[in-house]
Amino acid sequence: MELTIGCTTRPHNFVPFAEACEHIAAAGYTDVAVFANKVDENTRAMPVDADSTPEQVAAARKAAADAGINPSMVLARAKVELGLDDAIDNYKRLIDNAAALGAKWLLELGTGKEELYDLYYEVMTSVAPYAQEAGLGISLKPHGGITLTVEGLVYAYEKVNHPAFGICYDPGNIIYYTKGEMRPETDIDEIAPMITTGIIKDCSVEDGKPDVAITPGDGLVEFDTVLAGMVNGGFTGPLYVECVGGKELDDVNRDIKSTLKFIKDILAKL
């Protein structure tokens, strides 16, 4: 089965965004998810966020275009700590900038503060129609806190209840945030119809310590089962590789290239 497979800039966060795009395109990817990248020796920052200027957005769009890659996803975070009105305004600015970049998806992380859970749902409910009008979808991934479990993801999906709001399934994070107590394969049939984007990330657990800085296929995630469950539930992509084991540039480039083949080989069997 053919699905769009992109790569986040997280494995290349030690180089500038433009260079990351070049490496990702060279590895055979068509799409890039925009995460924080190196600005200088001491700083990493998002190339595009709610506070980006039109010039900054244009520069990021040009960097991706020059590399021949599509900047189709942007990492997001609803700043619910600002309060309802300011959080909504901030998120709408992010939507505008992501749309100007040419993105189609915002990768949402939820919140870890229980006292802000209800406010988070309210913000998402308010901004989902605005995202839809801008041609974007919001995908909420498991990231601890409000999305620690599949039950939390399902609850958020049903609470927001809007076609522009869906789930980003990140199997490695299911293991990571529960330290292996929960498995991403267990509830895949339940969550699959709600999934709009997917993350390719593995996770190992040794002596109670989870680690996602590994190359997919080297950890506990059964990607054959997860991807089959997603596709059988109606998932049509896209997928984005988020983590690999390599730390040095050549190793990262090798690992993202091998991961692309790894996932394509699994999908080809479906």
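Residues numbered from 1 in each chain as written. Predicted model: local features only at pLDDT ≥ 70, side-chain atom pairs only at ≥ 80, totals over all residues. Heavy atoms only, no water.

**Q** Report on the overall build of the chain, specifying residues and quantitative values.
**A** Helices and strands together make up the secondary structure of the chain, namely nine helices and 12 strands. Radius of gyration (C-alpha) of the chain: 17 Å, near the 18 Å computed for a compact globule of 270 residues. Projecting the C-alpha coordinates of the chain onto the three principal axes gives extents of approximately 45 × 40 × 35 Å. Within the chain, the proportion of its 270 residues that are buried is 53%. (Helix = DSSP H or I, 4+ residues; strand = E, 2+ residues; numbered from the N terminus. Rg over C-alpha atoms; globule rule 2.2 N^0.38 Å. Buried < 20%, exposed > 50% of the residue type's maximum accessible area, 1.4 Å probe, protein only.)

**Q** Give me the lowdown on the packing of helix H3 (residues 84-101) against helix H4 (residues 117-133), citing residues and values where you can.
**A** At a minimum axis distance of 10 Å, the contact between H3 and H4 shows a crossing angle of 35°. When the axes of H3 and H4 are compared, the crossing they make is right-handed. Residues Leu84, Ala87, Ile88, Tyr91, Lys92, Ile95 and Asp96 of H3 touch H4, and the partners they reach there are Leu119, Glu122, Val123, Met124, Ser126, Val127, Tyr130 and Ala131. Classifying every residue of the contact of H3 with H4 gives 11 nonpolar, one polar and three charged. (Axes fitted to C-alpha atoms, helices over the stretch in contact; angles between N-to-C directions. Left-handed = near helix turned anticlockwise from the far one by under 90°. Contact = heavy atoms within 4.5 Å. Nonpolar A, V, L, I, M, F, W, Y, C, P; charged D, E, K, R; others polar.)

**Q** Quick rundown of the nonpolar core? Include the residues and the values.
**A** Ranked by size, the top nonpolar core spans 79 residues in total, and within it Tyr29, Tyr91, Leu106, Met124 and Ile191 carry the most contacts. Of all the elements, H4 adds the most residues to this core, at nine residues. When sequence neighbours within four positions are dropped, the list of residues in contact with Tyr29 reads Ile5, Gly6, Cys7, Ile24, Ile69, Val241, Ile256, Thr259 and Leu260. Membership of the second largest hydrophobic core comes to eight residues, among which are Phe35, Met73, Cys168 and Tyr240. (Core = buried A, V, L, I, M, F, W, Y, C linked by side-chain atoms within 4.5 Å.)

**Q** Explain the packing of aromatic side chains residue by residue, including any values.
**A** By the definition in use, this model includes four aromatic pairs. For the pair Tyr120 and Tyr121, a centre-to-centre distance of 6.4 Å together with 70° between the ring planes defines the contact as edge-to-face. We note that Tyr120, like Tyr121, is buried. Pairing Tyr176 with Tyr177 gives two aromatic rings, centres 5.0 Å apart and planes at 80°, and the pair type is edge-to-face. (Phe/Tyr/Trp six-rings, centres within 6.5 Å; stacked < 30°, edge-to-face > 60°.)

**Q** Let's hear about a nonpolar patch on the surface: which residues, and what values?
**A** Where nonpolar side chains cluster on the molecular surface, the patch consists of Leu148, Tyr176 and Tyr177 and spans about 230 Å² of accessible area. By the secondary structure assignment, Leu148 is in the loop between strand E7 (137-140) and helix H5 (150-160). (Patch = residues over 30% accessible without salt bridge, like charges linked within 9 Å, V, L, I, M, F, W, Y side chains within 5 Å. Areas by Shrake-Rupley, 256 points an atom, 1.4 Å probe, with all protein chains shown as cover. Salt bridge = Lys/Arg side-chain N within 4 Å of Asp/Glu carboxyl O.)

**Q** I'd like to hear about the sheet that holds strand E6 (residues 105-108), residue by residue, with values.
**A** Read once around its circumference, the closed barrel built from eight strands follows the order E1-E2-E5-E6-E7-E8-E9-E12, with strand pairing classed as parallel. For this sheet, the mean angle separating the axes of adjacent strands, direction not counted, is 30°. As paired elements, strand E1 (residues 5-8) and strand E12 (residues 239-241) share three bridges and run parallel to each other. Paired with Cys7 across the strands is Val241, a residue of E12. The strands touched by H4 are E6, E7 and strand E8 (165-169); relative to E7, the strand with the most contacts, the crossing angle is about 150°. Contacts from H5 reach E7 and E8, with the element oriented near 160° to E8. (Pairing = 2+ DSSP bridges.)

**Q** Describe helix H8 (residues 223-232), with residues and values.
**A** For H8, the tally of buried residues reaches seven of 10 residues, placing the bulk of the element in the interior. Looking at H8, one finds that the buried residues are Phe223, Val226, Leu227, Ala228, Gly229, Met230 and Val231. On its buried face, H8 sits against E8, helix H6 (171-178), helix H7 (188-191), strand E9 (195-200), E12 and helix H9 (249-268). Looking at the residues trailing H8, positive phi occurs at Gly234, about 105°.

Keep in mind these values describe shape, not function.
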